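So the chains spell out like this:
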Amino acid sequence: MADLPAGAAGEEIKEQDRLLPIANVGRIMKQILPPNAKISKEAKETMQECVSEFISFVTGEASDKCHKEKRKTVNGDDVCWAFGALGFDDYVDPMRRYLHKYREVEGDRAAAAASSRSAGGPHDHLASGAGPSAAPGHFMFGAIDRTDNNSSRPGNFN
């Protein structure tokens, strides 16, 4: 796939800047598969292209909304709106639940940091990971409602 122009200067976007890191894509793919499953390089590269394009598609729609509203910052609510506007209705509610939980965790973390700073205590809050997670390294956004209702999978908010 050819690189796309990056603005008025006619700069090219490098593939490494356009695509999610393949190691991250592979790690997410492995989480849903049985422990002994293997993933081919071709499968990882195909998924890398697809998810990168999907993120760009949704983000572009959210960005257009912000531009029309004369705002410069795309936020989580804009992304949720974009899912619905683009017809990905099944993703809207799980994404809103994730966003709500994320904001709760971030609020708790900010309150703990402020409390720690005012008490002059150690900065333990810096060691914790970002976002709401049940366990380190688990993908927490279970957007697809599976009919088998397997609640043991990480990220199943249904």
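An unreviewed UniProt entry annotates the protein chain as Transcription factor CBF/NF-Y/archaeal histone domain-containing protein of Eleusine coracana subsp. coracana. UniProt lists a comment for the protein chain under the heading Sequence similarities (unreviewed entry), and it reads "Belongs to the NFYB/HAP3 subunit family."

### A few points about the overall build of the protein chain
Within the protein chain, the regular secondary structure consists of 5 helices and 0 strands. The linear arrangement of helices and strands in the protein chain, starting from the amino end, is α-α-α-α-α. Going through the 158 residues of the protein chain one by one, you find that 20% of them count as buried. In the protein chain, the share of contacts with a sequence separation of at least 24, taken over all contacts with a separation of at least 6, comes to 39%. Summed over its atoms, the accessible surface of the protein chain is roughly 11,300 Å², and 56% of this surface lies on carbon and sulfur atoms.

### Section: the nonpolar core
Here is a general trend for soluble globular proteins: nonpolar side chains tend to be buried in one another's company. Formed by Val58, Ala62, Val79, Cys80, Ala82, Phe83, Val92, Met95 and Leu99, the largest nonpolar core amounts to 9 residues. Of all the secondary structure elements, the ones that give two or more residues to this core are helix H3 (41-68), helix H4 (76-85) and helix H5 (89-119). When residues in this core are grouped by element, the largest group, 4 residues, is from H4. When sequence neighbours within four positions are dropped, the list of residues in contact with Cys80 reads Val92, Met95, Arg96 and Leu99.

### Looking at the pattern of salt bridges
When the charged atoms of two side chains lie near each other, side chains of opposite charge can form a pair. Counted under the stated rule, the structure contains 9 salt bridges. Here Arg96 and Asp77 are joined by a salt bridge, their closest N and O atoms 3.9 Å apart. Of this pair, Arg96 sits in helix H5 while Asp77 sits in helix H4, and the two are 19 residues apart along the sequence. Judged by relative accessible area, Arg96 falls into the partly exposed class, the value being 39%. Arg109 serves as the salt-bridge partner of Glu106, at 2.6 Å between the closest nitrogen and oxygen. Pair noted here: Glu106 and Arg109 are both in helix H5, with a separation of 3 residues, about one helical turn.

### Focus: the packing of H4 against H5
Here H4 crosses H5 at 170°, and the two axes come no closer than 8 Å. On the basis of their axis angle, the class for H4 and H5 is roughly antiparallel. Contacts between H4 and H5 involve Gly76, Asp77, Val79, Cys80, Trp81, Phe83 and Gly84 from the first element and Asp89, Tyr91, Val92, Met95, Arg96, Leu99 and Arg103 from the second. For the contact of H4 with H5, the class distribution of residues is 8 nonpolar, 2 polar and 4 charged.

### Observations regarding the packing of aromatic side chains
Applying the stated rule across the entire model yields 8 aromatic pairs. Each ring, one from Phe54 and one from Phe88, has its centre 5.1 Å from the other, and the planes form 80°; the classification is edge-to-face. One end of the pair, Phe54, is in helix H3; the other, Phe88, is in the loop between H4 and H5, and 34 residues separate them in sequence. Taking the relative accessible area as the measure of exposure, Phe88 reaches 24% and is therefore partly exposed. Note on Phe54 and Tyr91: the rings are 6.3 Å apart at their centroids and 45° apart in plane angle, and the pair reads as tilted. Note that Phe54 is positioned in helix H3 and Tyr91 in helix H5, a separation of 37 residues in sequence.

Criteria and thresholds
As a convention, each chain's residues are numbered from 1 in the sequence order in which they are written. Predicted model: local features are reported for residues with pLDDT of at least 70 only, side-chain atom pairs are reported and counted for 80 or more only, and whole-chain, interface and lining totals are derived from all residues. Values reported for side chains reflect all heavy atoms of the structure, with hydrogen atoms and water molecules removed beforehand. UniProt positions are given in the numbering used here, feature names are shortened, and annotations may be inferred rather than shown by experiment. Helix and strand definitions here come from DSSP, where helices need a minimum of 4 consecutive H or I residues and strands a minimum of 2 consecutive E residues; each element is numbered from the N-terminal end. When accessible area is computed with a 1.4 Å probe and restricted to protein chains, residues below 20% of their type maximum are described as buried, those above 50% as exposed, and intermediate ones as partly exposed. Pairs of residues are marked as contacts when any of their non-hydrogen atoms sit within 4.5 Å. Accessible surface area values rest on a Shrake-Rupley calculation with a 1.4 Å probe, where residue burial reflects the displayed protein chains alone. Here, nonpolar core means buried Ala, Val, Leu, Ile, Met, Phe, Trp, Tyr and Cys residues that are tied together by side-chain atoms lying within 4.5 Å of each other. Throughout this description, the term salt bridge denotes a Lys or Arg side-chain nitrogen within 4 Å of a carboxyl oxygen of Asp or Glu. All axes here are fitted lines through C-alpha atoms, helices being fitted over the stretch that makes contact, and every angle between N-to-C directions spans 0 to 180 degrees. The scheme is simple: roughly parallel for angles under 35 degrees, roughly antiparallel for over 145, roughly perpendicular for 65 to 115, oblique for anything else. Throughout this entry, Asp, Glu, Lys and Arg are counted as charged residues, while Ala, Val, Leu, Ile, Met, Phe, Trp, Tyr, Cys and Pro are counted as nonpolar. The remaining residues, Gly among them, count as polar. Here a pair means two rings of Phe, Tyr or Trp (six-membered ring of Trp) with centres within 6.5 Å. Their orientation is stacked below 30 degrees between planes, edge-to-face above 60, and tilted elsewhere.

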